[in-house]
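Coordinates in review
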Amino acid sequence: MVADDKQRETMRRNLKYERISRSLIYSKLHQAVSSFLASPVRDRSVLARCRAMIETERDTAESPQRRDNAIYALRSLDQFEASLNALPIAGLVIERAPLAHPHIIHGVRVSIQPTVLVRVNRPRGAPLRGAIAVDLAKGDTPKSEAIKARMTQAMTYSAMLLHEHVGNSVIGDGERSSPDHCQVFHSHRQELVCSPTNYRRDLANMEASCRTAAALWQDIEPPASFDPALAIYRN
């Protein structure tokens, strides 16, 4: 949503012709972070056990790639622990988020997976519901204010999708979805972004982008180095 036309073209091509060796998703770390945040006392032993498991994987790795993966996960864990003061979760009722089904937006499969779900019980008024998605990847450090603004804008789009997810799939009777509590947190940059209250125009732009991607999908040509034996083809 924040890329220029050429970047979008490259991103669509990479999505269709994805390498089998995917980007790291830090599955063990994500599970540990979810359990830690949902713990009423923020039990640090959850993170300590995760660290021990990943260190074992690093020390017993049978390939350089597996060892590097473990090293990257440990670095991300370090960054998350160092960033906790920047994540305002005091007073929130937090629970682990179940596996969310992808949303289909005009023919495009969009994954929206919160790290945890949030509840705010109020003396007056309906309980508020929200969700937090913690981004553990390091990513690139922005080298200019313009690039930083685009990264923040990208996080804002993700926060909007979280709010849509909470409103459509999480809230129960008598509950309200709260944009202030639908948050994306980047642990490396220690940046927190909440969903805006009024984002209908942005959501319409997102839907239009999905329609464009679906219309162009069949005509996307593979990269020059494409080898069908080494890639996943999305149809």
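So, a few notes on the structure that sits alongside this text.

1. Some thoughts on the packing of aromatic side chains
- On inspection of all chains with the given rule, the structure shows one aromatic pair.
- Consider the rings of Phe 36 and Phe 80, whose centres lie 6.1 Å apart with planes at 90°: the pair is edge-to-face. With Phe 36 in helix α2 (residues 27-38) and Phe 80 in helix α4 (residues 64-82), this pair connects stretches of sequence that are 44 residues apart. Just as Phe 36 is buried, Phe 80 falls in that class too.
- Over the ring of Tyr 199 we find Arg 200; its NZ or CZ atom is 5.1 Å from the centre of that ring.

2. Examining the pairing of strand β5 (residues 116-120)
- Of all five residues that make up β5, four are buried, and the element is covered over most of its length.
- Taken together, the four bridges between strand β2 (residues 93-96) and β5 define a ladder with antiparallel strand orientation. Looking across to β5, one finds that Ile 94 is bridged to Val 118.
- Of the strand pairs in this sheet, β5 and strand β6 (residues 128-135) are connected by five bridges, and their pairing is antiparallel. Counterpart to Val 116 in the pairing with β6 is Ile 132.

3. Comments concerning helix α3 (residues 44-59)
- Taking 1.5 Å of rise per residue, the 16 residues of α3 would be expected to cover 22 Å, and the 23 Å separating its terminal C-alpha atoms lies within 8% of that figure.
- Buried residues of α3: Val 46, Leu 47, Cys 50 and Ile 54, and no others. The arc enclosing the buried residues of α3, seen along the axis, measures out at 90°, which places them on a common side. Exposed residues on α3 whose side chains face more than 90 degrees from its buried face are Arg 49 and Asp 59.
- The elements touched by buried residues of α3 are α2 and α4.

4. Describing the nonpolar core
- Core analysis: the largest hydrophobic core is formed by 29 residues, its most contacted members being Leu 37, Phe 80, Ile 94 and Val 134.
- Going through the elements one at a time, α2, α3, α4, β5 and β6 are the ones with two or more residues in this core.

5. Things to note about the environment of Arg 200
- Structurally, Arg 200 can be placed in helix α6 (residues 200-216).
- A residue is classified by how much of its surface remains accessible, and Arg 200, at 52% relative accessible area, is exposed.
- Residues Arg 200 and Gly 91, 109 residues apart in the sequence, show an inter-C-alpha distance of 30 Å.

Rules of the game
Residues numbered from 1 in each chain as written. Predicted model: local features only at pLDDT ≥ 70, side-chain atom pairs only at ≥ 80, totals over all residues. Heavy atoms only, no water. Phe/Tyr/Trp six-rings, centres within 6.5 Å; stacked < 30°, edge-to-face > 60°. Helix = DSSP H or I, 4+ residues; strand = E, 2+ residues; numbered from the N terminus. Buried < 20%, exposed > 50% of the residue type's maximum accessible area, 1.4 Å probe, protein only. Lys NZ or Arg CZ within 6 Å of the ring centre and 35° of its normal. Pairing = 2+ DSSP bridges. Expected span 1.5 Å × (residues − 1). Arc of directions from axis to C-beta. Contact = heavy atoms within 4.5 Å. Core = buried A, V, L, I, M, F, W, Y, C linked by side-chain atoms within 4.5 Å.

None of the figures reported here should be taken as evidence of function without further support.
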